[in-house]
Amino acid sequence: MVMFHVRTAICIILVHLLIKFRLHFLPESVAVVSLGILMGAVIKIIESLKLANWKEEEMFRPNMFFLLLLPPIIFESGYSLHKGNFFQNIGSITLFAVFGTAISAFVVGGGIFFLGQADVIYKLSMTDSFAFGSLISAVDPVATIAIFNALNVDPVLNMLVFGESILNDAVSIVLTNTAEGLTRGNMSDVNGWQTFLQALAYFLKMFFGSAALGTLTGLISALISFLLTQIHLDLRKTPSLEFGMMIIFAYLPYGLSEGISLSGIMAILFAGIVMSHYTHHNLSPVTQILMQQTLRAVAFLCETCVFAFLGLSIFSFPHKFEISFVIWCIVLVLLARAVNIFPLSYLLNFFRDHKINPKMMFIMWFSGKITFNL
């Protein structure tokens, strides 16, 4: 793990230099990805000269991302979330997350299928095309948080894109699983209306079940922290134990929701929101500061590792590039994002006091495209 620690340390110094010299034109995420690419090239050269072999050590495994790196990022974003902005815009966020993601999935999936049938790009089946469209239509919350925090964008704009990136996880999972179900033949004996109802029921379970599980876990943590003070087991006298209990409840909803096929991202986000509103005030002053600073530091390290590994992956395994497929995917994503953002924004402006102006629409459109591809 030597190279892992060295790379992380260099990334921290790089981010510090970006902040110190106010290089706002270069987002931290882009700088870290570039550094990852550079270090990947160095490791590849060292391996080719047979001086060392860090291939297995530097391999980015999916479980590392989903179990170690992603939960702290999402929980910290919920714990430090400006709850007023989030819930004031919950209607708009839900519309973009649900209908916007569905629109994007159908535009991208349909475009991929028809272009494949016309032999313009690599040919995929209809179900594979829509599964791909569903997966790529989920805006990445890690990239959203990192880039928007670096640029200090308008809080409402930040909340609209960030909220969408969190909630559309459930929509993307529903659409992808529906397409996979059609491929396996599980829905071959039902008509289109029944398929729609099954998908809707699955989405409602995913969306509200994940949110309810995260909320319940947060409320239980607040209740337990309060009851312990009433029965003379006050953990506030030992901040290290109190902090340990908070970490357990922070991670618990993610593991539970993934274990019962719900969205861990949504569950841990809502747990963070509830715990910051209720449990945080039951903590001792020392643990309150410790919780905030530790979460911020761990989330920063996890984000840095994700983007560094992203750059490093260029040299980690062989790639088969379908140039026409990549180019047309980018075009379709841009088109899908435009068909999603602009009509829904104009519709929402009839009901919003804080209007979504054309500049905000453009940033939402293009930022979604960026975070798709990151």
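- Under an unreviewed UniProt entry, the protein has the name Sodium/hydrogen exchanger and belongs to Pelobates cultripes.

### Topic: the overall build of the protein
And step 1. In terms of helices and strands, the protein carries 14 helices and 0 strands.
And step 2. Shown N-terminal to C-terminal, the secondary structure of the protein runs as helices and strands in the order α-α-α-α-α-α-α-α-α-α-α-α-α-α.
And step 3. A buried classification covers 47% of the 374 residues belonging to the protein.
And step 4. By sequence separation, contacts in the protein at least 24 residues apart represent 81% of the contacts at least 6 residues apart.

### Examining the packing of helix α5 (residues 90-117) against helix α13 (residues 323-348)
And step 1. Interhelical geometry of α5 versus α13 gives an angle of 145° and a closest axis separation of 8 Å. Every pair of crossing elements has a handedness; the one defined by α5 and α13 is right-handed.

### Describing the nonpolar core
Within soluble globular proteins, side chains that are nonpolar tend to cluster in buried spots.
And step 1. In this structure, F75, Y79, L167, I356 and M364 are the most contacted members of the largest nonpolar core, which totals 60 residues.
And step 2. It is helix α8 (residues 155-184) that provides the largest number of residues to this core, a total of 11 residues.
And step 3. Residue contacts for M364: discarding those within four places in its chain leaves F96, L157, L160, V161, R337, I341 and I356.
And step 4. Listed in part, the 11 residues of the second largest apolar core include I136, C329, L332 and A336.

### Some details on the UniProt feature "transmembrane region" (unreviewed entry) in the protein
And step 1. The UniProt entry lists residues 31-52, 64-81, 93-118, 130-151, 206-228, 240-256, 298-317 and 323-351 under the feature "transmembrane region" (unreviewed entry), expressed in the numbering used here.
And step 2. The span residues 93-118 is 96% helical and 0% strand by assignment, and the distance between its end C-alpha atoms comes to 36 Å.

### With respect to the side chain of S225
And step 1. Residue position: S225 is located in helix α9 (residues 192-230).
And step 2. Taking the relative accessible area as the measure of exposure, S225 reaches 16% and is therefore buried.
And step 3. One polar contact links the side chain of S225 to the main-chain carbonyl oxygen of A222, over a distance of 2.8 Å.
And step 4. The contact partners of S225, leaving out residues within four places of it in the chain, are T279 and N282.

### Some thoughts on the side chain of S276
And step 1. For S276, the position within the fold is in helix α11 (residues 264-277).
And step 2. Ignoring sequence-local partners within four residues, the contact set of S276 consists of G78, Y79, K83 and H281.

### Here's the deal with a nonpolar patch on the surface
And step 1. A grouping of V120, F321, I323, I327, W328 and V331 is seen on the molecular surface, where their side chains present a nonpolar patch of about 580 Å² in accessible area.
And step 2. Looking at the secondary structure, you find I327 in helix α13.

### Here we look at the pattern of salt bridges
And step 1. Taken as a whole and assessed by the stated rule, the structure comprises 2 salt bridges.
And step 2. Taking the shortest distance from any N to any O, the salt bridge between D119 and K123 comes out at 3.8 Å.
And step 3. What makes K123 partly exposed here is its relative accessible area of 45%.
And step 4. Note that R337 and E164 form a salt bridge whose closest N and O atoms lie 2.8 Å from each other.

Procedures and definitions
- Residues numbered from 1 in each chain as written.
- Predicted model: local features only at pLDDT ≥ 70, side-chain atom pairs only at ≥ 80, totals over all residues.
- Heavy atoms only, no water.
- Helix = DSSP H or I, 4+ residues; strand = E, 2+ residues; numbered from the N terminus.
- Buried < 20%, exposed > 50% of the residue type's maximum accessible area, 1.4 Å probe, protein only.
- Contact = heavy atoms within 4.5 Å.
- Axes fitted to C-alpha atoms, helices over the stretch in contact; angles between N-to-C directions.
- Left-handed = near helix turned anticlockwise from the far one by under 90°.
- Core = buried A, V, L, I, M, F, W, Y, C linked by side-chain atoms within 4.5 Å.
- UniProt positions renumbered as here; feature names shortened; annotations may be inferred.
- Polar contact = N/O pair within 3.5 Å; in protein donor to acceptor, adjacent residues only side chain to side chain.
- Patch = residues over 30% accessible without salt bridge, like charges linked within 9 Å, V, L, I, M, F, W, Y side chains within 5 Å.
- Areas by Shrake-Rupley, 256 points an atom, 1.4 Å probe, with all protein chains shown as cover.
- Salt bridge = Lys/Arg side-chain N within 4 Å of Asp/Glu carboxyl O.

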